[in-house]
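Take a look at the letters that make up each chain.
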Amino acid sequence: MKRASVSLMCCAWAAISFATQIELTYTFTDKRVEKKTLTAEPDAKGVLAVRVRREELPAGLASVTVLPEFASAKTGEPGYFVMPNGELGTFHEQNGERTARNYMPMPVFGMKNPRATFAAIVTGMPYEFTLVTKAKDGVYTIVPRFELAGRPAYDDLAVDYHLLSGEAADYSGMARAYRNYQLGRKACVPLKERMKTRPELAYAANSIEVRIRQGWKPMPTCVTNQTRATEPPMKVAVSFDRVGDILDEFSRQGIAHAEVCLVGWNQKGHDGRFPEVFPVEEQLGGEAKLRQLIKKAQAMGFQIVCHSNSSDAYMIADTWDAEYVIKKPDGAVSSGAVYSGGRMYDVCPQRAYERFAPKELRSIADLGFRGLHYIDVLTVVQPRACYDLRHPINRNQGAAWVGKIMGTAQEVFGGSASEGGHDFCCGQLDYALYASIVPPKPHPMVDRFVPFWQLVYHGIILANPFPTTCNYTIKDEASRLMLNEFGGRPFFYFYSNYRDNNDAWMGKEDLTCGDASALKASVAKIKEGYDEYSALAALQTEFMERHEAVDKDVYRVVYSNGVELIANYRRVAFSYQDKTVPPMQYLLVEKK
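Here the residue index of a chain counts from 1 through its sequence in written order. Given that this is a predicted model, residues contribute local features only at a pLDDT of at least 70 and side-chain atom pairs are listed and counted only at 80 or more, while totals for whole chains, interfaces and linings are drawn from all residues. Each side-chain value is derived from all of the structure's non-hydrogen atoms; neither hydrogens nor water enter the calculation.

### Looking at the packing of aromatic side chains
Basically, it comes down to this: Working definition: a ring pair exists when centres of Phe, Tyr or Trp rings (six-membered ring for Trp) sit within 6.5 Å. Plane angles under 30 degrees give stacked, over 60 give edge-to-face, the rest tilted. Either the NZ atom of lysine or the CZ atom of arginine qualifies as a charge over a ring when it sits within 6 Å of the ring centre and within 35 degrees of the ring normal.
The final tally for this structure, using the stated rule, is 25 aromatic pairs. Sitting above the plane of the Y498 ring, R213 keeps its charged end 3.7 Å from the centroid.

Spelled out as structure tokens, the structure:
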């Protein structure tokens, strides 16, 4: 171990080319801890593969961590770690810990230190690990901690460490390694290729997204398990006729193309009675008015879709049946927070497909919708397991069932969309409402967010970077700039801030249309984004090849067609080549 460490120190910033020791830490449910050391060496492509066969794992394991000797650094050394959601941290803390589980949109992470630069791709049990970046007494380590909770593993534990050198030895190179891995195994296909046979996708790539929340019951509700007798009344915010007024104002102000997504069009509004969807909510105008609206929007040149849900269930639903709800290992039903429909219960992905999705999606499409149909929640969480003996699935299988649901949406509507950027069904996801979730408070170990997800998936999956960049033209200057630095497709939301508990998680600033003045002002802010995006939309089909700091608070993005975007977060202008980047703005530099 000591001899290998000395050798590694002699090849600073170079890829490792010889045997390396990997420390496995087994933690048992009875709190015992055992360590085991493996030796591995990279292949001809510089990939060091760590495999632990499931049949070789001892019984009663709570967790297993994997730590190659090169995955550590000392406080004060040059370099950094990168988390899957784009959090980047330099080695500036003596002690601390940053963990990620639910908000890990990709099973990849990386580190650059004076001994190695690597991208680690978890290829076995990729949905069963917590990523742990720890500083302890001045030593940083980054490890996947596979969480077994005493149950046998259903797959081998596997991590591939892609060792990077030269120009590839940075977080852009880490992202490219993962992108090449995904494309190479045909997990996804670039936008340019898919758009050739998918007109709905081509339209969306060149258009802003506008979501309109039409109706909802109190959120959160005080009636946890609602019945038809105790159900609170629904608030009507935007009727189908009023949506038509919004489209008329779009036309008056010169917005010629947009994909419009109706939220809460279904029975009792947003999160009203899922899985019950029909009939179309009468208080908004009913099915006849909705069909008229869809025809009007399409005649005006807009693409119109709607919001549905394949993961949440409420006891008030006419289709309620505890049989399809996820069961925990102890047999208890899996439930979540209280929303507008009451206590929410998690639907097993297998049963969601078998009992609901294909029929429901075709019934919704029959109304006339066409475009990137939005299914809530599915890709903002890790794929789920279910322990019901009638439909048991592990997380790998859960991911496959979600992929079938999203694939059906592509087939039926021409495209699919969901809430987050989790990539377990990236081949069936055309648009992520936002790629990553921003923690409420910055973590002391994290310096900044970088577009790690975008360096992988820009040019493959359309996305907005963060919930906080919703309605970006009414947000602060930094949020506006970050949307473009991260290559986002803008989305606007009428009544994004609708919760009664002050949980304005997409921002307190909002677009409304309660009267003519509010409608006109809201559309004017959308028009700002429409005009700006019209000049940037062509970049959506390009890969984001590089992102880097060119100076303090100034960042450079390079696309595969050679176009550069310089984002200046300074309060003074910045000179780049022979051009000037205004304060808190960006500049496009065309390829010479």
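And the narrative resumes.
### So, the pairing of strand β28 (residues 544-551)
This is how the line gets drawn: For two strands to be treated as a pair, DSSP must find no fewer than two bridges joining them. Secondary structure elements are defined from DSSP: runs of H or I of at least 4 residues count as helices, runs of E of at least 2 residues count as strands, and each element is numbered from the N terminus.
Strand direction decides the pairing type here: β28 and strand β29 (residues 554-559), joined by six bridges, are antiparallel. Paired with H547 across the strands is V557, a residue of β29. Where β28 folds back onto β29 in an antiparallel hairpin, the turn is made up of two residues, including D553, whose phi is positive at roughly 65°.

### Quick word on the sheet that holds strand β19 (residues 312-313)
Pairing within the open sheet is antiparallel, and its three strands lie in the order β19-β21-β20. Each end of this open sheet is capped by a strand with a single partner; those strands are β19 and β20 (335-339). Taken together, the two bridges between β19 and strand β21 (residues 342-346) define a ladder with antiparallel strand orientation. Bridge pairing in β21 places A313 opposite Y345.

### What about helix α7 (residues 349-365)?
Stated formally: Each helix should span, by expectation, one fewer than its residue count multiplied by 1.5 Å. Think of it in three bands: residues with accessible area under 20% of the maximum for their type are buried, residues over 50% are exposed, and the middle band is partly exposed, with areas taken using a 1.4 Å probe on protein chains only. Note on definitions: a residue-residue contact is assigned when non-hydrogen atoms from the two residues lie within 4.5 Å.
Taking 1.5 Å per residue as the helical rise, α7 with its 17 residues ought to reach 24 Å, whereas the 21 Å between its terminal C-alpha atoms falls clearly short. Residues P349, Q350, R351, A352, F356, A357, P358, E360, L361, I364 and A365 constitute the buried set of α7. The secondary structure elements touched by the buried residues of α7 are β18 (303-309), β22 (371-376) and α8 (395-413).

### A few points about the confidence of the model for the protein chain
In low-pLDDT segments, the atomic positions of the prediction should not be examined closely. Convention followed: On a scale of 0 to 100, pLDDT captures the predictor's confidence in every residue.
Looking at the protein chain as a whole, its pLDDT mean stands at 95, while 97% of the residues score no less than 70. This model gives residues 1-14 a pLDDT under 50, and the stretch forms 23 contacts once residues within four places in sequence are excluded.

### Some thoughts on α8
Put simply, the test is: Polar contacts, as used here, are pairs of N or O atoms within 3.5 Å; protein pairs need one atom able to donate a hydrogen and one able to accept it. Residues neighboring in sequence count only if both atoms are side-chain atoms.
Taking 1.5 Å as the rise per residue, α8 with 19 residues should run 27 Å; its terminal C-alpha atoms sit 27 Å apart, in good agreement. Put simply, N394 is the residue that caps the front of α8, since its side-chain oxygen is 3.0 Å from the backbone nitrogen of N396. A positive phi of about 100° marks G414, the residue just after α8.

### Concerning the side chain of D388
Tracing the backbone shows D388 in the loop between β22 and α8. We classify D388 as buried; its relative accessible area is 4%. Among the polar contacts made by the side chain of D388, one reaches the main-chain amide nitrogen of R390 at a distance of 2.8 Å. Residues in contact with D388, not counting those within four places in the same chain, are E323, V325 and K327.

### Structural notes on the sheet that holds β29
For clarity, the cut-off: The angle between two axes is taken between their N-to-C directions and runs from 0 to 180 degrees, where each axis is a line fitted to C-alpha atoms and a helix contributes only its stretch in contact.
In spatial order, the strands read β28-β29-β30-β33; together these four strands make up an open sheet with antiparallel pairing. Both outer strands of the open sheet, β28 and β33 (585-589), are each paired with one neighbouring strand and no more. The mean angle between the axes of side-by-side strands here comes to 20°, regardless of whether they run parallel or antiparallel. Packing against the sheet, helix α10 (residues 477-485) makes contact with β28, β29, β30 (564-568) and β33, and its axis sits at approximately 160° to β30.

### Digging into the pattern of salt bridges
Note the following rule: Definition used for salt bridges: Asp or Glu carboxyl oxygen within 4 Å of a side-chain nitrogen of Lys or Arg.
Overall, the coordinates contain 48 salt bridges when judged by the stated rule. Salt-bridge contacts for E231 lead to R273; the nearest nitrogen and oxygen are separated by 2.7 Å. A residue pair is termed long-range when its members are at least 10 positions apart, and E231 in the loop between β15 (215-216) and β16 (235-236) and R273 in the loop between β17 (258-263) and α6 (286-299) qualify at 42 residues. For R273, a relative accessible area of 7% corresponds to the buried category. The salt bridge partner of R351 is E323, with a shortest N-O separation of 3.0 Å. Of the two residues, R351 is situated in helix α7 and E323 in the loop between β19 and β20; the sequence distance between them amounts to 28 residues. Within the structure, one salt-bridge network assembled from shared partners comprises D170, R546, E548, R556 and E564.

### Quick notes on the pairing of β18
Rules: Every crossover in which the path from the first strand over the helix to the second runs clockwise, viewed with the strands pointing away from the viewer, is termed right-handed.
Counting buried positions over the seven residues of β18 gives seven, a clear majority of the element. Of the pairings in the sheet, the one linking β17 to β18 comprises four bridges and is parallel in character. When the bridges of β18 are listed, V260 appears paired with I304. As for the winding sense of the linkage, the β-α-β connection from β17 through α6 to β18 is right-handed.

### Notes on unusual backbone geometry
Cis rather than trans, the peptide bond between F274 and P275 has omega equal to 5°. Position of P275 among the secondary structure elements: in the loop between β17 and α6. For the peptide bond that leads from F278 to P279, omega is 5°, which places it in the cis range. With respect to the helices and strands, the residue P279 is situated in the loop between β17 and α6. One non-glycine residue, A149, adopts positive backbone phi at about 55°. Turning to its location among the elements, A149 is positioned in the loop between β12 (139-147) and β13 (157-163). A positive phi angle, near 65°, is found at N502, a position not held by glycine. Tracing the chain through its elements places N502 in the loop between β27 (491-494) and α11 (516-534). On the accessibility criterion, N502 (69% relative accessible area) is exposed.

### Some thoughts on the packing of helix α5 (residues 240-253) against α11
Just so we agree on the cut-off: By definition in this entry, angles of less than 35 degrees are roughly parallel, angles greater than 145 are roughly antiparallel, angles of 65 to 115 are roughly perpendicular, and the rest are oblique. Put simply, a crossing is left-handed when the front helix is turned counterclockwise from the back one by less than a right angle, and right-handed when it is turned clockwise. For this classification, the nonpolar set comprises Ala, Val, Leu, Ile, Met, Phe, Trp, Tyr, Cys and Pro, the charged set comprises Asp, Glu, Lys and Arg, and every other residue, Gly included, is treated as polar.
With their axes 10 Å apart at the nearest point, α5 and α11 run at an angle of 50° to one another. Classified by the angle between their axes, α5 and α11 sit oblique to one another. Between α5 and α11 the crossing geometry is right-handed. Facing α5, whose interface residues are R242, D245, I246, E249, F250 and Q253, α11 presents A516, L519, K520, V523, A524, I526 and K527. For the contact of α5 with α11, a count of residues per class yields seven nonpolar, one polar and five charged.

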